[in-house]
Amino acid sequence: MKRHILSTIYTICSSSSNSTHSSSTTKQKHYYTFFPLVHFKPKNQSSKLKEDMVLSKTVSESDVSIHSTFASRYVRNSLPRFEMPENSIPKEAAYQIINDELMLDGNPRLNLASFVTTWMEPECDKLMMESINKNYVDMDEYPVTTELQNRCVNMIARLFNAPLGDGEAAVGVGTVGSSEAIMLAGLAFKRQWQNKRKAQGLPYDKPNIVTGANVQVCWEKFARYFEVELKEVNLREDYYVMDPVKAVEMVDENTICVAAILGSTLTGEFEDVKLLNDLLVEKNKQTGWDTPIHVDAASGGFIAPFLYPELEWDFRLPLVKSINVSGHKYGLVYAGIGWVVWRTKTDLPDELIFHINYLGADQPTFTLNFSKGSSQVIAQYYQLIRLGFEGYRNVMDNCRENMMVLRQGLEKTGRFKIVSKENGVPLVAFSLKDSSRHNEFEVAHTLRRFGWIVPAYTMPADAQHVTVLRVVIREDFSRTLAERLVADFEKVLHELDTLPARVHAKMANGKVNGVKKTPEETQREVTAYWKKLLETKKTNKNTIC
């Protein structure tokens, strides 16, 4: 038999009963298998078979299957950035192109600016992927997911000491994050205040809310979006949280609530909610008002119950009517989950709750959005039952210990002043003791070459001349990383010390109209310069990309 190698990937079964080369009526089968293909042709077989059965295929030059990934035309051409492309591309090419570009992002584990969880156990990752196609809002279709959310609300409300009886359901809801949670809580306060004012025949068109200047931007969004005046208590040097005494002084008959922060974004410090409650109780007695308190526990809500159980900040205080917390921060879940719980049902006006039935059953809903994934809700329940009280306490203890390691390491350098307190959210906020040559923005910028993302920023109103660096300690930030970070800070400082001072030398002795600038004025000018410089670099980088 003669052996032929054919370049085809087909398997053919063909009958030759009518072929002229065979006198037999028996059907003869010829088999062509996948490449490499070997066909054994009988010696006396006529050339007609060749004409009938030659199905070999010449590989086209455009066949991407034979090209190297990085030699294909899909990575040789620029992808459209403003319009959808006309043609499809292979899934492998799409993945590779996007994956390659994402390599230019920072490493989430080394992003020490963020409070958001960057690591979870593989088992929880698996649960999240298995439920990623579930729309949480379809409560009738996914009743178990709804039940898991309700369990989370019940557990969190009791963690915050809500006045609930045995088996009594708590009042609360899962949200996309603390921003949505704060919007919902603020709307509840506004509607409660409006209803009360209407019943009394009083004006209800000028609501306000009292906060510290250290609040997160979502409070400013709430005030602007829902037409509520934001009255902020300014900070001062060495006191970077809301002063309860000044806050209560700013309360008037139009104040819908006072917002206290359990874990300031700037320094991690807990505001004195107990003192605020006591002062506000006294003012309410004197005025006949009933001004309540909301606690923004986005960062501290999953810390205080485990590290500081005796601290009174939650529903143990009578004026605290609602609390929000971020599950995606120290609740230990990936980004996209927050919670808001109310003290009692009467603290959430019924008219804010909508009922829908077009998904299969009557469903109450109180959210700003509608569709959202179920994965984060399921992940939160996983963490609550997987870790339990003991597990969360161990995680928070470990975070605090690593915070102390970093704090002490930075103090030993002799170059930094620690601004944050030892108690509160496990983070370290600190400033340079001497910024006459190089400032915090330069330190943060140079530190990026080691992979670390550490933010530098100025304090809010009345403390703008203070610039700080901040390192947030999360679950996945180990002691080894803390020690390595201190060593890298020392390298950065040594490197900057060997460089000539840039703007500072010129500004340090600057004068305005013949009057020498104060240290605060110099610091503000230097800070403004570096902020502008870094923003320019970011803008140019975005333009190139």
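Scoring rules and cut-offs
- Residues numbered from 1 in each chain as written.
- Predicted model: local features only at pLDDT ≥ 70, side-chain atom pairs only at ≥ 80, totals over all residues.
- Heavy atoms only, no water.
- Pairing = 2+ DSSP bridges.
- Helix = DSSP H or I, 4+ residues; strand = E, 2+ residues; numbered from the N terminus.
- Axes fitted to C-alpha atoms, helices over the stretch in contact; angles between N-to-C directions.
- Contact = heavy atoms within 4.5 Å.
- Salt bridge = Lys/Arg side-chain N within 4 Å of Asp/Glu carboxyl O.
- Buried < 20%, exposed > 50% of the residue type's maximum accessible area, 1.4 Å probe, protein only.
- Expected span 1.5 Å × (residues − 1).
- Arc of directions from axis to C-beta.
- UniProt positions renumbered as here; feature names shortened; annotations may be inferred.
- Phe/Tyr/Trp six-rings, centres within 6.5 Å; stacked < 30°, edge-to-face > 60°.
- Parallel < 35°, antiparallel > 145°, perpendicular 65-115°, else oblique.
- Left-handed = near helix turned anticlockwise from the far one by under 90°.
- Polar contact = N/O pair within 3.5 Å; in protein donor to acceptor, adjacent residues only side chain to side chain.

## Examining the sheet that holds strand E16 (residues 456-458)
- Read across the open sheet, the four strands follow the order E14-E15-E17-E16; overall the sheet is antiparallel. Because the sheet does not close on itself, it has two edges, and the strands there are strand E14 (416-418) and E16. Direction aside, neighbouring strands of the sheet carry axes that sit 40 degrees apart on average.
- The pairing of strand E15 (residues 427-432) with strand E17 (residues 467-472) spans four bridges and is classified as antiparallel. Following the sheet pairing, Val-428 is matched in E17 by Val-471.
- Each of E15, E16 and E17 touches helix H12 (residues 440-447); the most contacted strand, E17, lies at about 35 degrees to it.

## As for the pattern of salt bridges
- Scanning the model with the defined rule gives 17 salt bridges in all.
- For Lys-91, the salt bridge goes to Glu-92, with nearest N and O atoms at 3.4 Å.
- Among the ionic pairs, Arg-109 bridges to Asp-476, the shortest N-O distance being 2.9 Å. Taken together, the residues Arg-109 in the loop between helix H3 (91-102) and helix H4 (122-130) and Asp-476 in the loop between E17 and helix H13 (479-498) connect sequence positions 367 residues apart.
- Relative accessible area serves as the criterion here: at 10%, Asp-476 is assigned to the buried category.

## A closer look at H13
- Taking 1.5 Å per residue as the helical rise, H13 with its 20 residues ought to reach 28 Å, and the 29 Å between its terminal C-alpha atoms agrees with that figure.
- Those residues of H13 that fall on the buried side of the exposure criterion are Ala-482, Leu-485, Val-486, Asp-488, Phe-489, Val-492, Leu-493 and Leu-496. Taken down its axis, H13 places every buried residue within 165 degrees of arc, on the same side. Structural note: H13 exposes Thr-480, His-494 and Thr-498 on the side pointing more than 90 degrees away from its buried face.
- Those residues of H13 that are buried lie in contact with helix H11 (375-412), E14, E15, H12 and E17.

## Let's talk about the UniProt feature "modified residue: N6-(pyridoxal phosphate)lysine" (unreviewed entry) in the protein chain
- Using the residue numbers shown here, the UniProt feature "modified residue: N6-(pyridoxal phosphate)lysine" (unreviewed entry) corresponds to Lys-329.
- Summarising the element assignment, Lys-329 is placed in the loop between strand E10 (320-326) and strand E11 (338-342).
- Non-local contacts of Lys-329, meaning those with residues more than four positions away in its chain, are made with Phe-115, Val-116, Thr-117, Ala-298 and Ser-299.

## Let's talk about the packing of aromatic side chains
- Counted under the stated rule, the structure contains eleven aromatic pairs.
- Between Phe-416 and Phe-430, the aromatic rings sit 5.0 Å apart at their centres with planes inclined by 80 degrees, giving edge-to-face as the arrangement. Placement of Phe-416 in strand E14 and of Phe-430 in strand E15 is noted, with a sequence separation of 14 residues between them. Side by side, Phe-416 and Phe-430 carry an identical accessibility label, which is buried.
- Here Phe-416 and Phe-489 contribute two aromatic rings whose centre-to-centre distance is 5.6 Å and whose plane-to-plane angle is 75 degrees, an arrangement assigned as edge-to-face.

## Some details on the environment of Asp-290
- Within the element layout of this structure, Asp-290 appears in the loop between helix H9 (273-287) and strand E9 (293-296).
- Measuring from C-alpha to C-alpha, the distance between Asp-290 and Ile-256 comes to 9.1 Å, with 34 residues separating the pair along the chain.
- If sequence neighbours within four positions are ignored, Asp-290 has contacts with Lys-196 and Asn-284.

## Things to note about the environment of His-445
- Note that His-445 resides in helix H12.
- C-alpha of His-445 to C-alpha of Val-492: the two residues are 47 residues apart in sequence and 9.7 Å apart in space.

## Considering the sheet that holds E10
- If you walk across this open sheet you meet the seven strands as E5-E11-E10-E9-E8-E6-E7, and the pairing is mixed. Every interior strand has two partners, whereas the edge strands, strand E5 (171-175) and strand E7 (229-233), have only one. Ignoring strand direction, the axes of neighbouring strands in this sheet form an average angle of 20 degrees.
- Both E5 and E11 contribute to a ladder of five bridges, which runs antiparallel. Pairing of Gly-174 across the sheet is with Trp-339, part of E11.
- Packed on one face of the sheet, helix H5 (residues 143-159) meets E5, E10 and E11 and runs near 60 degrees to E11.

## Considerations on the packing of H5 against H11
- It is the contact of H5 with H11, at a shortest axis distance of 9 Å, that shows an interaxial angle of 50 degrees. Of the possible angle classes, the one that applies to H5 and H11 is oblique. Helix-helix and strand crossings are classified by hand; for H5 and H11 the assignment is left-handed. Residues Thr-145, Leu-148, Gln-149, Arg-151, Cys-152, Met-155 and Leu-159 of H5 form the contact with H11, whose own contacting residues are Val-377, Ile-378, Gln-380, Tyr-381, Leu-384, Ile-385 and Phe-389.

## Thoughts on the side chain of Asn-324
- Position of Asn-324 among the secondary structure elements: in strand E10.
- The exposure class of Asn-324 is buried, given its relative accessible area of 0%.
- Engagement of the side chain of Asn-324 in a polar contact is seen with the side chain of Ser-178, the distance being 3.1 Å.
- Every residue in contact with Asn-324, bar those within four places of it in the chain, is listed here: Ser-178, Ala-181, Ile-182, His-294, Val-295, Asp-296, Ala-297, Ala-298, Trp-339 and Val-340.

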